[in-house]
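Residue strings, one per chain:
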Amino acid sequence: MMVLKVIFGLIVLIVIYFFAMGYYSTTMPGKSADAGLRFECGDRPNCVSSEAPSMPSQEVEPLSAADGAAMQKQIMAAVAATGGTVMSENDGVIVAEYKSRVFGFVDDVMFKIDPENGSTHVMSASRVGYSDLNANRERVEKIREQLSQ
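Overview of the structure. All figures in this text were calculated on a predicted structure; none of them were measured in a lab.

What counts and what doesn't
- Every chain's residues receive numbers from 1 upward, in the order its sequence appears when written.
- With the structure being a predicted model, the display of local features is reserved for residues of pLDDT at least 70 and the display and counting of side-chain atom pairs for 80 or more, all residues being used for whole-chain, interface and lining totals.
- Computation of side-chain values covers all heavy atoms of the structure but excludes hydrogens and water.
- Definitions used for this entry: grid spacing 1 Å over protein atoms alone; cavity, a set of points where a 1.4 Å probe fits but cannot get out; pocket, an open set with protein on both sides within 12 Å along at least 5 of 7 lines; lining residue, one with an atom within 4 Å of a point.
- Grid points are joined across faces, edges and corners, and a volume is the space filled by probe spheres set on the points.
- Numbering goes from the N terminus for both helices and strands, where a helix is a DSSP run of H or I of at least four residues and a strand is a run of E of at least two.
- Amino acid classes used here: Ala, Val, Leu, Ile, Met, Phe, Trp, Tyr, Cys and Pro are nonpolar; Asp, Glu, Lys and Arg are charged; the rest, including Gly, are polar.
- For this analysis, a salt bridge means a side-chain nitrogen from Lys or Arg found within 4 Å of a carboxyl oxygen belonging to Asp or Glu.
- Burial classes: relative accessible area under 20% of the type maximum marks a residue as buried, over 50% as exposed, and values in between as partly exposed (1.4 Å probe, protein chains only).
- When two rings of Phe, Tyr or Trp (its six-membered ring) have centres within 6.5 Å they constitute a pair, described as stacked for plane angles under 30 degrees, edge-to-face for angles over 60, and tilted for the intermediate range.
- Any Lys NZ or Arg CZ found within 6 Å of a ring centre and within 35 degrees of that ring's normal is scored as a charge over the ring.
- A strand pair is defined by DSSP finding two or more bridges across the two strands.
- Asp and Glu count as negative and Lys and Arg as positive, but His and the ends of the chain are not part of the count.
- What qualifies as a polar contact is a pair of N or O atoms within 3.5 Å, subject to a donor-acceptor requirement within protein and to the restriction that residues adjacent in sequence count only when both atoms come from side chains.
- Two residues form a contact once any of their heavy atoms are found within 4.5 Å.
- Put simply, buried Ala, Val, Leu, Ile, Met, Phe, Trp, Tyr and Cys residues joined by side-chain atoms within 4.5 Å make one nonpolar core.

To find leftover empty space, one rolls a probe the size of a water molecule over the atoms. As a volume, the largest pocket reaches approximately 890 Å³. Lining the largest pocket are 26 residues, with Ser100, Asp107, Asp132, Ala135 and Arg139 sitting closest to its centre. Here the lining of the largest pocket takes four residues from helix 3 (residues 135-148), the largest share from any one element. Looking at side-chain class alone, the lining of the largest pocket contains twelve nonpolar, six polar and eight charged residues.

Attention now goes to the pattern of salt bridges. Applying the stated criterion to the full structure yields five salt bridges. Across the pair Lys112 and Glu51 runs a salt bridge whose closest N-O atoms are separated by 3.3 Å. Placement of Lys112 in strand 5 (residues 106-114) and of Glu51 in the loop between strand 1 (47-49) and strand 2 (63-64) is noted, with a sequence separation of 61 residues between them. Residue class for Lys112 comes out buried when judged on its relative accessible area of 15%. Sharing partners across several salt bridges, the network here consists of Glu97, Asp108 and Arg127.

Aromatic ring pairs are defined here through the distance separating the ring centres and the angle between the ring planes. Overall, the coordinates contain zero aromatic pairs when judged by the stated rule. Taking the ring centre of Tyr98 as reference, the NZ or CZ of Arg139 above it sits at 4.6 Å.

Further remarks concern the pairing of strand 6 (residues 119-126). Counting buried positions along strand 6 yields eight of eight residues, so the element is predominantly enclosed. Every second residue of strand 6 is oriented toward a common face, with Ser119, His121, Met123 and Ala125 on one face and Thr120, Val122, Ser124 and Ser126 on the other, all of them buried. The sheet contact formed by strand 1 and strand 6 spans three bridges and is antiparallel. Residue pairing for strand 6: Ser49 is matched across the bridge by Met123. Where strand 2 lies against strand 6, two bridges are found, and the strand directions are antiparallel.

So, about the side chain of Asp132. Take Asp132: it is sitting in the loop between strand 6 and helix 3. No salt bridge is formed by the buried Asp132; its nearest oppositely charged neighbour, Arg139, is found at 6.4 Å. A polar contact of 2.7 Å, which involves the side chain of Asp132, links it to the side chain of Asn136. The residues touching Asp132, leaving out its near neighbours within four places in the chain, are Pro45, Asn46, Cys47 and Ser126.

Leu63, Ile75, Phe111, Val122, Ile143 and Leu147 are the most contacted members of the largest nonpolar core, which totals 17 residues. Residue assignment for this core shows that the elements contributing at least two residues are helix 2 (68-81), strand 4 (93-99), strand 5 and helix 3. A total of four residues in this core trace back to one element, the largest contributor, which is helix 2. Phe111 has contacts with Phe39, Leu63, Ile75, Val79, Gly92, Val93, Ile94, Thr120, His121, Val122 and Ile143, leaving out every residue within four places of it along the chain.

Structure follows, in structure tokens:
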């Protein structure tokens, strides 16, 4: 009986911890739409980037971009269709936020449109935690799928 109480207590503490981290991620500042920003992931595996991955597991292909203005509208529509919110847009850089359903973790997704090279760089990163269980990679692929429709 005592073992069950200890296990139940640990489960409650873990759930409280995840809710606290979710709340903490909402209080942290998000990424800014700085046109000179380089999309670097750092040393945590909870990020993917087409421009500056720090390790091979963080690498994703850039999105295609034929026309800058049209691509900007398409990206904003794809973000909305995949459950995100566009927070800012500035000189071809779009910043969006996604919030997880259960614990409320906030992830940042940024796009840098480069019509000269026919591509759009993308980075998706979790604000808190170490692992993301591939959520950021899956998000980028859902956005890519939306853009191909």
